[in-house]
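Each chain, written out:
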Amino acid sequence: MLSWDETSNITSQRWESSADWLRQRAWVEIDVGAIAHNVRQIKHLLSPKCDLMAVVKADAYGHGAVTVSQTVLSAGASWLGVATIPEGIELREAGIKAPILVLGATYSPEQIRAMARWELMPTICTPQQALVFSETLGEDDASATAGAVRDADATPSGVHPLPVHVKLDTGMSRLGVSYSEADAFVQLIRSLPNLKIASIYSHLATADSQDQTVMRQQQARFEQAIDACNHHGSLPRLHFANSAATFTDPSLHYDMVRVGLAIYGLYPAPHLRPVVDLQPVMQVKARITQVKNISAGTGISYGHHYIAKQPMRLAVVGIGYADGVPRSLSNHMKVLIRGQLLPQVGTITMDQMMVDVSAVPEVQPGEVVTLLGRQQPIYTLCQYICLLYTSRRG
């Protein structure tokens, strides 16, 4: 598996000892300085009254949730978003005090008690879920003795209501009650004794598209829902924009934006690149383990899906699909060696791949190969892999 290195000054070098070789067959470098830079750049797009929620789900998109969270909060983010309760607990155990929203749905009494215990804020997306939350919090004394505050806002039992975030479905067709039912949904939650609405939010489905038709339709639906809810008291915090929407239009910002991809230096779409200067955060590197010459007509790797058309200098690199390199990229990717982009050839195997190094035949075992990095052609590949990963996670 990959090893990890968090640094703001990234360099590549050959191994100095056998111990170093064993430690660094393949590794990831995370530039925390670039994370902080990206946060500051995003904050420049926001009004002073608009907060930034950094989305750190899935181990901060594979970048290390605790370190990323500490970095973004120091750089100007004020909220964190996670997908699951264990992700939130990990941050609390690391001493992080910032507000944490769990973006996924939770229902069981055990989950509810854990959220109260660790001061995590749930997403409420159905009336049934709201009722279960309120009933559980009202029945279980553990939620009151695990850090609940007794003050003027407390319920008659003395338990501070749990802040919850109301999710509306305006067109994503994922979590949330329909925007057309927002008024009744919000009134229900406001009537429950153990819940307090911290925000109302929705999620955009096509904000990264240059065709804004669907996005504007969702915005109109969100506004319609908010107007209906506004008739029954003051509105809580509102948030709607993801990374793409944050870059597209300040009218989508409301009181807070939820930014994931852009924190990690990835543009949601090519047409948004001029809006903000993002720095790549992740680099993936490995070492050459063997260099050999092969003759024309020689098949390479499983299935011989690549046949050398001429004599070739071939490097074996110690990284493969078990380390996270998609096998589907076989014969479709390039890597960086000695400043040159060179083609990967043959099927990517579990822990190794082959590269045509004929253009730099003097390369030696132990030299560093960059699969994902700061060079633009390489980082385009990083965007492809990260977008593929996040889309598969939903």
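Position numbers for residues start from 1 in each chain and track the written sequence from start to end. With pLDDT at 70 or above as the cut-off, local features in this predicted model cover only qualifying residues; side-chain atom pairs require 80 or more to be listed or tallied, and sums for whole chains, interfaces and linings still use all residues. As a convention, hydrogens and water are excluded, and side-chain values are obtained from all of the structure's heavy atoms.

Visitor: If you had to explain the overall build of the chain to someone new, which residues and values would you point to?
Guide: Looking only at helices and strands, one finds 12 helices and 19 strands in the chain. Out of the 394 residues belonging to the chain, those deemed buried represent 52%. Of the roughly 17300 Å² of accessible surface on the chain, a fraction of 51% belongs to carbon and sulfur atoms. Every helix listed is a DSSP run of H or I at least four residues long, and every strand listed is a run of E at least two residues long, numbered separately from the N terminus. Burial status follows relative accessibility: with a 1.4 Å probe on protein chains alone, a residue under 20% of its type maximum counts as buried, one over 50% as exposed, and anything between as partly exposed. Areas reported here follow the Shrake-Rupley algorithm with a probe of radius 1.4 Å; residue values treat only the protein chains shown as occluding.

Visitor: Can you explain the pairing of strand 3 (residues 51-55)? Please cite residues and give values.
Guide: Among the five residues of strand 3, four are classified as buried, and the element is accordingly described as predominantly covered. Pairing analysis gives four bridges linking strand 3 to strand 11 (residues 256-259), with the strands arranged parallel. By the bridge assignment for strand 11, Leu52 is matched with Val257. Being paired, for any two strands, means DSSP has found at least two bridges between them. In the sheet, strand 3 pairs with strand 4 (residues 79-82) via three bridges, with the strands oriented parallel. If you follow Val55 over to strand 4, its bridge partner there is Gly81.

Visitor: Explain the nonpolar core residue by residue, including any values.
Guide: Here, nonpolar core means buried Ala, Val, Leu, Ile, Met, Phe, Trp, Tyr and Cys residues that are tied together by side-chain atoms lying within 4.5 Å of each other. One finds Ile200 and Leu371 to be the most contacted residues of the largest nonpolar core, which totals 110 residues. By size, the runner-up hydrophobic cluster in this structure holds eight residues, among which are Ala308, Met312, Leu314 and Val316.

Visitor: I'd like a rundown of helix 9 (residues 182-191), residues and numbers included.
Guide: Within the span of helix 9, buried status applies to Ala182, Phe185, Val186 and Ile189. Angularly, the buried residues of helix 9 cover 95° about the axis, an arc narrow enough to put them on a single face. Among the exposed residues of helix 9, those pointing more than 90 degrees away from its buried face are Ala184 and Ser191. Only heavy atoms matter for contacts: two residues are in contact if any of them lie within 4.5 Å across the pair. On its buried face, helix 9 is in contact with strand 6 (121-124), helix 7 (127-139), strand 7 (162-169), strand 8 (177-178), strand 9 (195-201) and helix 10 (213-229). The arc in question is the one spanned by the directions pointing from the helix axis to the C-beta atoms.

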